[in-house]
Amino acid sequence: MFFRKKSAAPALPSVRILAGDHVVYEGLLKDIPIKETVLIEKSIYFFDDPEPCFIHRDAVRVRLTEELHQELLRENNAKPGPLLISYTDLSGITSCELL
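No experiment lies behind these values; they were computed from the predicted model shown.

Across all of its chains, the model carries 4 salt bridges by this definition. Residues Glu 26 and Arg 16 are paired through a salt bridge, measuring 3.2 Å at the closest nitrogen-oxygen approach. In this pair, Glu 26 sits in strand β2 (residues 22–28) while Arg 16 sits in strand β1 (residues 14–19), placing the two residues 10 residues apart along the sequence. Among the residues examined, Glu 26 registers a relative accessible area of 45% and is labelled partly exposed. Overall, the relative accessible area of 23% leaves Arg 16 in the partly exposed class. Across the pair Arg 57 and Glu 36 runs a salt bridge, and its minimum N-O distance is 2.4 Å. Here Arg 57, found in helix α2 (residues 54–75), pairs with Glu 36, found in helix α1 (residues 36–47); they are 21 residues apart in sequence, far enough to count as distant. A relative accessible area of 28% means that Arg 57 is categorised as partly exposed. The class of Glu 36 is partly exposed, set by a relative accessible area of 41%.

As a further point, take the packing of α1 against α2. Remark: α1 packs on α2, axes separated minimally by 9 Å, with the N-to-C direction vectors making an angle of 100°. Taken as axis vectors, α1 and α2 run roughly perpendicular relative to one another. Residues Glu 36, Val 38, Leu 39, Ile 40, Lys 42, Ser 43, Phe 46 and Phe 47 of α1 lie in contact with α2, whose contacting residues are His 56, Arg 57, Ala 59, Val 60, Arg 61, Arg 63 and Leu 64. Taken together, the residues that form the contact of α1 with α2 break down as 8 nonpolar, 2 polar and 5 charged.

Counting 18 residues, the largest nonpolar core has Ile 17, Ile 32, Ile 34 and Leu 84 as the members making the most contacts within it. At the level of elements, β1, α1, α2, α3 (82–87) and β3 (95–98) are the ones that each hand at least two residues to this core. Here this core takes 4 residues from α2, the largest share from any one element. Apart from residues no more than four positions distant in its own chain, Ile 17 is found in contact with His 22, Val 23, Val 24, Tyr 25, Ile 32, Leu 84, Leu 90, Ile 93, Ser 95 and Cys 96.

Moving on, we come to the packing of aromatic side chains. Evaluated as defined, the whole model comprises 2 aromatic pairs. Residues Tyr 45 and Phe 46 carry aromatic rings whose centres are separated by 5.2 Å and whose planes lie at 70° to one another, so their mutual orientation is edge-to-face. Residue Tyr 45 is classed as exposed on the basis of its relative accessible area, which comes to 66%. Ring geometry for Phe 46 against Phe 47: centres 6.4 Å apart, planes inclined by 65°, an arrangement best described as edge-to-face. Look at Phe 46 and you get partly exposed, because its relative accessible area is 25%. Classification of Phe 47 by relative accessible area gives partly exposed; the value is 29%. The rings of Tyr 45, Phe 46 and Phe 47 are connected pair by pair, giving a single aromatic cluster. Above the face of the Phe 46 ring, Arg 63 is positioned so that its terminal group lies 4.1 Å from the ring centre.

About the criteria used
- Residues numbered from 1 in each chain as written.
- Predicted model: local features only at pLDDT ≥ 70, side-chain atom pairs only at ≥ 80, totals over all residues.
- Heavy atoms only, no water.
- Salt bridge = Lys/Arg side-chain N within 4 Å of Asp/Glu carboxyl O.
- Helix = DSSP H or I, 4+ residues; strand = E, 2+ residues; numbered from the N terminus.
- Buried < 20%, exposed > 50% of the residue type's maximum accessible area, 1.4 Å probe, protein only.
- Axes fitted to C-alpha atoms, helices over the stretch in contact; angles between N-to-C directions.
- Parallel < 35°, antiparallel > 145°, perpendicular 65-115°, else oblique.
- Contact = heavy atoms within 4.5 Å.
- Nonpolar A, V, L, I, M, F, W, Y, C, P; charged D, E, K, R; others polar.
- Core = buried A, V, L, I, M, F, W, Y, C linked by side-chain atoms within 4.5 Å.
- Phe/Tyr/Trp six-rings, centres within 6.5 Å; stacked < 30°, edge-to-face > 60°.
- Lys NZ or Arg CZ within 6 Å of the ring centre and 35° of its normal.

The following block contains the structure:
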């Protein structure tokens, strides 16, 4: 009665990432493998925390996946952008597409 039901945040889409003809990742963008060094670097940048707890790790992951989502929208599902290549723990990325 007094409380309004919270609306769910919009879900991030699925993505398919290829290295040549091979799919190296297909799944939700929020679950994409992020390099540990990037998580630590961004945790220090955002929170001044070189040993992030799971709360800071999750917060960094949310920010990074949103940056990746915006980059994928700009790149129009064709070639991988610099953030996708530098943030993800996937090698040899040649193309990607939002699903």
